[in-house]
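Examination of the molecular architecture
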Amino acid sequence: MTATSPIPISVEFFPPKTPEGVDKLRGVRQQLYTLKPEFCSVTFGAGGSTQEGTFNTVRDILAEGVQAASHISCIGATHAKVREQLGILKAMGVRRLVALRGDLPSGFGIGGEFHYASDLVEFVRAETGDDFHIEVAAYPEIHPQARSPAADLQAFAAKVKAGANSAITQYFYNADAYFRFVEEVDALGLSLPIVPGIMPIASSTQLMRFSDACGAEIPRWIRLRLQNFGDDVASIKAFGLDVVTDLCLQLRAGGAPGLHFYSMNQSAATLEICHRLG
């Protein structure tokens, strides 16, 4: 793959909470389908709290003729519950899962019959064989709850050994962190595609809030520039497009196997970035 050749893309959505949101997302998807995504993934709320909305959105994407990947999380879940969810997804025609530990619903203890995402991957493989392509999460800048970088790498390795086919990373703005992570995984003798997750920048307050919550690093120079723009939304968006397009160019030139866009149920930024990438 050269720096200018096309690169496979995929897009993530979250399940809308209102009928208006469902209609809006349908329009957003139609715009993003012009990019011919390899698949579209749909997130799954803490403790399965959005299961109905997630599965309905997955069903809509499949009906529109696009491959859909459902997120599935296991924290607080039972084997029976996950077995039921796998049966529903398989019957719908889903062939790809994003298997995550997931967040606890607020006010809940750890509970459930799974403790780690690797437990979920192992269970899905035991229950369904090769029926699903399993994606797992990767953290180039280290999971915020990891005891150490080495422990985080071992946790990732456990998911791969349990049967993951490929990985999607948490978003980042430092390409070196991604390339270093890929090298460390290779050094463990693990061979799988690790697709960088891409977060377009549309709002500085939203980005800061997300990044503080998930442990994604915003480089100081980006943070300061965003703060300097204040409430100038047009400048923030223009700057964000330049930064993220440049990041994607670096990733493509370095051999990243694809790009996974966190769309936030919007189309404009992802469309523009992909247009700039050609």
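Predicted model, so just to flag it, every value in this text is computed and none were measured.

What counts, and where the lines are drawn
- Residues numbered from 1 in each chain as written.
- Predicted model: local features only at pLDDT ≥ 70, side-chain atom pairs only at ≥ 80, totals over all residues.
- Heavy atoms only, no water.
- Helix = DSSP H or I, 4+ residues; strand = E, 2+ residues; numbered from the N terminus.
- Rg over C-alpha atoms; globule rule 2.2 N^0.38 Å.
- Buried < 20%, exposed > 50% of the residue type's maximum accessible area, 1.4 Å probe, protein only.
- Areas by Shrake-Rupley, 256 points an atom, 1.4 Å probe, with all protein chains shown as cover.
- Lys, Arg positive; Asp, Glu negative; His and termini not counted.
- Charge placed at Lys NZ, Arg CZ, Asp CG, Glu CD.
- Salt bridge = Lys/Arg side-chain N within 4 Å of Asp/Glu carboxyl O.
- Pairing = 2+ DSSP bridges.
- Right-handed = clockwise from strand over helix to strand, strands pointing away.

The next thing to look at is the overall build of the chain. Each helix and strand counted, the chain has 10 helices and eight strands in total. Taking 278 residues into account, the globule formula puts the C-alpha radius of gyration at 19 Å, and the chain, at 18 Å, falls close to it. C-alpha extents for the chain along the principal axes are approximately 50 × 45 × 40 Å. Buried residues in the chain amount to 48% of all 278 residues. Total accessible area on the chain stands at roughly 13,200 Å², and carbon and sulfur atoms take up 53% of it. Put simply, the chain has 24 plus and 29 minus side-chain charges, and the middle of one group is 2 Å from the middle of the other.

The next thing to look at is the pattern of salt bridges. Evaluated as defined, the whole model comprises 11 salt bridges. Linking Arg26 and Asp60 is a salt bridge whose minimum nitrogen-to-oxygen distance equals 3.8 Å. In this pair, Arg26 is assigned in helix H1 (residues 19-32) and Asp60 in helix H2 (residues 51-63), connecting sequence segments 34 residues apart. On the accessibility criterion, Asp60 (26% relative accessible area) is partly exposed. For Arg276, the salt bridge identified is with Asp242, shortest N-O distance 2.8 Å. Separated by 34 residues along the polypeptide, Arg276 in helix H10 (residues 268-277) and Asp242 in helix H9 (residues 233-253) bring together distant segments of the chain. When its relative accessible area of 37% is taken as the criterion, Arg276 is described as partly exposed. By relative accessible area, which is 45% here, Asp242 ends up partly exposed. Salt bridges sharing partners connect three or more residues here, namely Asp23, Arg26 and Asp60.

This part is about the pairing of strand E4 (residues 96-100). By the criterion of burial, E4 is predominantly enclosed, with four of the five residues buried. Pairing geometry for strand E3 (residues 68-73) and E4, over five bridges, is parallel. Residue pairing across strands places Ser70 opposite Leu97, the latter belonging to E4. After leaving E3, the chain enters helix H3 (residues 79-92) and then returns to the sheet as E4, a path that is right-handed. Pairing geometry for E4 and strand E5 (residues 133-138), over four bridges, is parallel. Along E5, the bridge assignment pairs Val98 with Glu135.

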